[in-house]
Amino acid sequence: MKLLIDDANINLIKELYDYYPLDGVTTNPSILAKSGRAPYEVLTEIRAFIGEEADLHVQAISRKAEDMIEEAKVIVERLGKNTFVKIPAISEGFKAMKALAAQGVKVTATAIYTPMQGYLAAKCGASYAAPYVNRIDNMGYDGIQVAKDIHDIFLKNGFQTSLLAASFKNSQQVLELCKYGVGAATVGLDVIKAFVNNPAITSAVEAFITDFEKLAGTGNTMLNI
Ligand code: G3P
(Lines give C-alpha, C1' and ligand atoms only; values in the text may rest on other atoms or scores of the structure.)
Protein backbone atom coordinates (compact mmCIF):
# COMPACT_ATOMS: atom_id res chain seq x y z
CA MET A 1 0.00 0.00 0.00
CA LYS A 2 1.38 3.38 -0.99
CA LEU A 3 1.37 5.98 1.77
CA LEU A 4 0.89 9.65 0.94
CA ILE A 5 0.58 12.90 2.87
CA ASP A 6 -2.73 14.75 2.60
CA ASP A 7 -1.43 18.28 3.12
CA ALA A 8 0.11 21.23 1.27
CA ASN A 9 2.21 22.66 4.08
CA ILE A 10 5.74 22.35 2.65
CA ASN A 11 7.46 22.46 6.05
CA LEU A 12 5.23 19.69 7.36
CA ILE A 13 5.81 17.63 4.21
CA LYS A 14 9.58 18.02 4.60
CA GLU A 15 9.42 16.99 8.26
CA LEU A 16 7.29 13.92 7.59
CA TYR A 17 9.44 12.88 4.61
CA ASP A 18 12.46 13.04 6.89
CA TYR A 19 11.02 10.35 9.17
CA TYR A 20 8.60 8.17 7.23
CA PRO A 21 8.66 6.10 4.00
CA LEU A 22 6.30 8.16 1.85
CA ASP A 23 5.21 7.90 -1.77
CA GLY A 24 3.83 11.35 -2.49
CA VAL A 25 1.41 14.10 -1.63
CA THR A 26 -2.30 14.63 -2.17
CA THR A 27 -4.02 17.99 -2.11
CA ASN A 28 -7.53 19.28 -2.63
CA PRO A 29 -8.87 22.83 -3.01
CA SER A 30 -9.61 23.11 0.73
CA ILE A 31 -6.10 21.97 1.63
CA LEU A 32 -4.63 24.54 -0.79
CA ALA A 33 -6.86 27.24 0.71
CA LYS A 34 -5.59 26.29 4.18
CA SER A 35 -2.00 26.83 3.03
CA GLY A 36 -2.94 30.43 2.19
CA ARG A 37 -0.41 30.48 -0.67
CA ALA A 38 -0.67 30.86 -4.44
CA PRO A 39 -1.65 27.34 -5.64
CA TYR A 40 0.99 26.79 -8.33
CA GLU A 41 3.69 28.36 -6.16
CA VAL A 42 3.14 25.89 -3.31
CA LEU A 43 2.52 22.92 -5.65
CA THR A 44 5.71 23.64 -7.60
CA GLU A 45 7.64 23.70 -4.33
CA ILE A 46 6.09 20.39 -3.28
CA ARG A 47 6.95 18.83 -6.65
CA ALA A 48 10.56 20.09 -6.46
CA PHE A 49 10.91 18.61 -2.97
CA ILE A 50 9.32 15.19 -3.53
CA GLY A 51 10.97 14.76 -6.95
CA GLU A 52 9.53 13.97 -10.37
CA GLU A 53 8.99 10.25 -9.69
CA ALA A 54 6.74 10.74 -6.64
CA ASP A 55 2.97 10.95 -6.93
CA LEU A 56 1.34 14.36 -6.65
CA HIS A 57 -2.47 14.61 -6.74
CA VAL A 58 -4.01 17.97 -7.65
CA GLN A 59 -7.70 18.69 -8.15
CA ALA A 60 -9.31 20.40 -11.14
CA ILE A 61 -11.82 23.05 -10.09
CA SER A 62 -13.96 23.50 -13.24
CA ARG A 63 -17.62 22.47 -13.25
CA LYS A 64 -17.95 21.44 -16.91
CA ALA A 65 -16.17 18.44 -18.46
CA GLU A 66 -14.61 20.40 -21.33
CA ASP A 67 -13.10 22.88 -18.86
CA MET A 68 -11.91 20.09 -16.53
CA ILE A 69 -10.08 18.54 -19.49
CA GLU A 70 -8.28 21.78 -20.38
CA GLU A 71 -7.50 22.43 -16.72
CA ALA A 72 -6.12 18.91 -16.25
CA LYS A 73 -3.72 19.32 -19.16
CA VAL A 74 -2.35 22.56 -17.72
CA ILE A 75 -1.97 20.97 -14.26
CA VAL A 76 0.14 18.14 -15.70
CA GLU A 77 2.09 20.51 -17.95
CA ARG A 78 3.03 22.66 -14.96
CA LEU A 79 3.60 19.94 -12.35
CA GLY A 80 5.10 17.02 -14.23
CA LYS A 81 4.44 13.52 -15.46
CA ASN A 82 3.57 11.82 -12.18
CA THR A 83 0.83 14.31 -11.42
CA PHE A 84 -2.61 12.75 -11.01
CA VAL A 85 -5.46 15.12 -11.73
CA LYS A 86 -8.27 14.72 -9.23
CA ILE A 87 -11.64 14.86 -10.93
CA PRO A 88 -14.87 14.66 -8.89
CA ALA A 89 -16.86 11.47 -9.53
CA ILE A 90 -19.97 13.25 -10.83
CA SER A 91 -21.53 13.22 -14.31
CA GLU A 92 -19.36 16.01 -15.75
CA GLY A 93 -16.36 14.38 -14.09
CA PHE A 94 -16.99 10.97 -15.68
CA LYS A 95 -17.17 12.64 -19.08
CA ALA A 96 -13.85 14.36 -18.40
CA MET A 97 -12.26 11.16 -17.00
CA LYS A 98 -13.04 9.19 -20.16
CA ALA A 99 -11.45 11.82 -22.39
CA LEU A 100 -8.43 12.34 -20.15
CA ALA A 101 -7.72 8.64 -19.72
CA ALA A 102 -7.94 8.18 -23.50
CA GLN A 103 -5.34 10.93 -23.88
CA GLY A 104 -3.00 9.33 -21.32
CA VAL A 105 -3.60 11.84 -18.53
CA LYS A 106 -3.52 10.16 -15.10
CA VAL A 107 -6.77 10.70 -13.23
CA THR A 108 -7.76 10.25 -9.60
CA ALA A 109 -11.53 10.10 -9.22
CA THR A 110 -12.35 11.98 -6.04
CA ALA A 111 -15.27 12.85 -3.74
CA ILE A 112 -16.26 9.18 -3.69
CA TYR A 113 -18.93 8.21 -1.16
CA THR A 114 -20.45 5.14 -2.84
CA PRO A 115 -19.23 1.92 -4.50
CA MET A 116 -21.14 2.86 -7.67
CA GLN A 117 -19.03 6.00 -8.09
CA GLY A 118 -15.93 3.81 -7.78
CA TYR A 119 -17.21 1.39 -10.39
CA LEU A 120 -18.00 4.18 -12.87
CA ALA A 121 -14.61 5.85 -12.29
CA ALA A 122 -12.84 2.58 -13.05
CA LYS A 123 -14.91 2.10 -16.21
CA CYS A 124 -13.84 5.59 -17.28
CA GLY A 125 -10.15 4.61 -16.92
CA ALA A 126 -9.23 6.46 -13.72
CA SER A 127 -5.89 5.39 -12.22
CA TYR A 128 -7.13 5.89 -8.66
CA ALA A 129 -10.47 6.27 -6.93
CA ALA A 130 -10.55 8.10 -3.60
CA PRO A 131 -13.30 7.17 -1.11
CA TYR A 132 -13.62 9.52 1.89
CA VAL A 133 -13.62 7.03 4.76
CA ASN A 134 -14.27 9.35 7.69
CA ARG A 135 -16.81 11.52 5.88
CA ILE A 136 -18.77 8.38 4.96
CA ASP A 137 -18.68 7.29 8.63
CA ASN A 138 -20.03 10.70 9.61
CA MET A 139 -22.99 10.22 7.27
CA GLY A 140 -23.94 7.10 9.22
CA TYR A 141 -22.45 4.54 6.84
CA ASP A 142 -19.35 2.35 7.13
CA GLY A 143 -16.48 4.11 5.36
CA ILE A 144 -14.08 1.18 5.66
CA GLN A 145 -16.66 -1.18 4.19
CA VAL A 146 -17.35 1.19 1.26
CA ALA A 147 -13.59 1.36 0.59
CA LYS A 148 -13.31 -2.46 0.74
CA ASP A 149 -16.30 -2.87 -1.58
CA ILE A 150 -14.72 -0.56 -4.16
CA HIS A 151 -11.41 -2.45 -3.90
CA ASP A 152 -13.30 -5.73 -4.45
CA ILE A 153 -15.16 -4.31 -7.45
CA PHE A 154 -11.81 -3.38 -9.04
CA LEU A 155 -10.31 -6.84 -8.43
CA LYS A 156 -13.36 -8.88 -9.44
CA ASN A 157 -13.88 -6.93 -12.66
CA GLY A 158 -10.22 -6.85 -13.65
CA PHE A 159 -9.98 -3.05 -13.55
CA GLN A 160 -6.50 -1.53 -13.41
CA THR A 161 -7.79 1.21 -11.08
CA SER A 162 -6.43 1.30 -7.51
CA LEU A 163 -7.95 2.58 -4.34
CA LEU A 164 -6.55 5.79 -2.88
CA ALA A 165 -8.34 5.85 0.45
CA ALA A 166 -8.67 9.32 1.98
CA SER A 167 -10.27 11.16 4.89
CA PHE A 168 -9.03 9.18 7.91
CA LYS A 169 -9.52 10.04 11.55
CA ASN A 170 -7.30 7.39 13.09
CA SER A 171 -4.45 4.98 12.35
CA GLN A 172 -6.66 1.91 12.89
CA GLN A 173 -8.73 2.78 9.82
CA VAL A 174 -5.52 2.98 7.76
CA LEU A 175 -4.27 -0.35 9.15
CA GLU A 176 -7.59 -2.01 8.33
CA LEU A 177 -7.25 -1.05 4.66
CA CYS A 178 -3.53 -1.91 4.62
CA LYS A 179 -4.44 -5.45 5.77
CA TYR A 180 -6.99 -5.58 2.97
CA GLY A 181 -4.31 -4.79 0.40
CA VAL A 182 -5.65 -1.56 -1.07
CA GLY A 183 -3.43 0.44 -3.42
CA ALA A 184 -2.84 3.61 -1.43
CA ALA A 185 -3.88 5.69 1.56
CA THR A 186 -3.39 9.39 2.11
CA VAL A 187 -3.19 10.67 5.66
CA GLY A 188 -2.78 13.88 7.65
CA LEU A 189 -0.27 14.69 10.35
CA ASP A 190 -2.26 13.44 13.35
CA VAL A 191 -2.93 10.06 11.79
CA ILE A 192 0.64 9.44 10.62
CA LYS A 193 2.05 10.36 14.03
CA ALA A 194 -0.44 7.99 15.68
CA PHE A 195 1.01 5.05 13.70
CA VAL A 196 3.67 4.46 16.36
CA ASN A 197 2.37 6.62 19.18
CA ASN A 198 2.28 3.86 21.78
CA PRO A 199 3.75 4.06 25.32
CA ALA A 200 4.66 0.35 25.24
CA ILE A 201 6.88 0.89 22.18
CA THR A 202 8.57 3.96 23.65
CA SER A 203 9.22 2.30 26.99
CA ALA A 204 10.62 -0.88 25.37
CA VAL A 205 13.13 1.18 23.39
CA GLU A 206 14.05 3.28 26.46
CA ALA A 207 14.62 0.11 28.55
CA PHE A 208 17.10 -1.22 25.98
CA ILE A 209 19.08 2.02 26.11
CA THR A 210 19.05 2.13 29.92
CA ASP A 211 20.28 -1.48 30.17
CA PHE A 212 23.05 -0.82 27.67
CA GLU A 213 24.17 2.33 29.50
CA LYS A 214 24.38 0.36 32.76
CA LEU A 215 26.80 -1.96 30.97
CA ALA A 216 28.80 0.50 28.90
CA GLY A 217 28.35 3.89 30.61
CA THR A 218 25.86 6.72 30.20
CA GLY A 219 25.74 8.22 26.75
CA ASN A 220 27.70 5.40 25.14
CA THR A 221 26.49 3.45 22.11
CA MET A 222 27.91 0.71 19.90
CA LEU A 223 29.68 3.53 18.06
CA ASN A 224 32.16 4.59 20.72
CA ILE A 225 32.86 1.71 23.13
O1 G3P B 1 -9.06 15.01 -0.40
C2 G3P B 1 -9.98 14.26 0.29
C3 G3P B 1 -9.68 14.10 1.71
O4 G3P B 1 -8.47 14.70 1.97
C5 G3P B 1 -10.71 14.65 2.62
O6 G3P B 1 -10.27 14.55 3.91
O7 G3P B 1 -10.24 15.05 6.30
O8 G3P B 1 -11.29 16.69 4.73
O9 G3P B 1 -12.41 14.54 5.20
P10 G3P B 1 -11.11 15.24 5.10
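Predicted, not measured: the structure shown is a model, and the values here were computed from it.

## Considering a nonpolar patch on the surface
Right, on to step 1. Nonpolar side chains collect at one region of the surface, where Phe195, Val196, Ile201, Val205, Phe208 and Ile209 lie side by side and expose about 540 Å² of accessible area between them.
Right, on to step 2. As for its position among the elements, phenylalanine 195 is in the loop between helix H10 (189-194) and helix H11 (199-216).
Right, on to step 3. Residue phenylalanine 195 is classed as partly exposed on the basis of its relative accessible area, which comes to 30%.

## A closer look at the site of the ligand
Right, on to step 1. Lining the immediate environment of the ligand, one finds Asp6, Asn28, Lys86, Tyr132, Arg135, Ala166 and Ser167.
Right, on to step 2. A distance of 2.9 Å is found between an oxygen atom of the ligand and a side-chain nitrogen or oxygen belonging to asparagine 28.
Right, on to step 3. A distance of 3.2 Å separates an oxygen atom of the ligand from a polar side-chain atom of lysine 86.
Right, on to step 4. Contact with the protein chains removes 75% of the 310 Å² of surface that the ligand exposes when unbound.
Right, on to step 5. Looking at the shell around the ligand, its residues break down into 2 nonpolar, 2 polar and 3 charged.

## Points about helix H4 (residues 65-79)
Right, on to step 1. The end-to-end C-alpha distance of H4, which contains 15 residues, comes to 21 Å, matching closely the 21 Å that a straight helix rising 1.5 Å per residue would cover.
Right, on to step 2. Here H4 has its buried residues at Ala65, Met68, Ile69, Glu71, Ala72, Ile75 and Leu79.
Right, on to step 3. One or two residues past the end of H4 sits glycine 80, with phi positive at roughly 100°.

Rules behind the numbers
Residues numbered from 1 in each chain as written. Predicted model: local features only at pLDDT ≥ 70, side-chain atom pairs only at ≥ 80, totals over all residues. Heavy atoms only, no water. Patch = residues over 30% accessible without salt bridge, like charges linked within 9 Å, V, L, I, M, F, W, Y side chains within 5 Å. Areas by Shrake-Rupley, 256 points an atom, 1.4 Å probe, with all protein chains shown as cover. Salt bridge = Lys/Arg side-chain N within 4 Å of Asp/Glu carboxyl O. Helix = DSSP H or I, 4+ residues; strand = E, 2+ residues; numbered from the N terminus. Buried < 20%, exposed > 50% of the residue type's maximum accessible area, 1.4 Å probe, protein only. Near = heavy atom within 4 Å. Polar contact = N/O pair within 3.5 Å; in protein donor to acceptor, adjacent residues only side chain to side chain. Nonpolar A, V, L, I, M, F, W, Y, C, P; charged D, E, K, R; others polar. Expected span 1.5 Å × (residues − 1).

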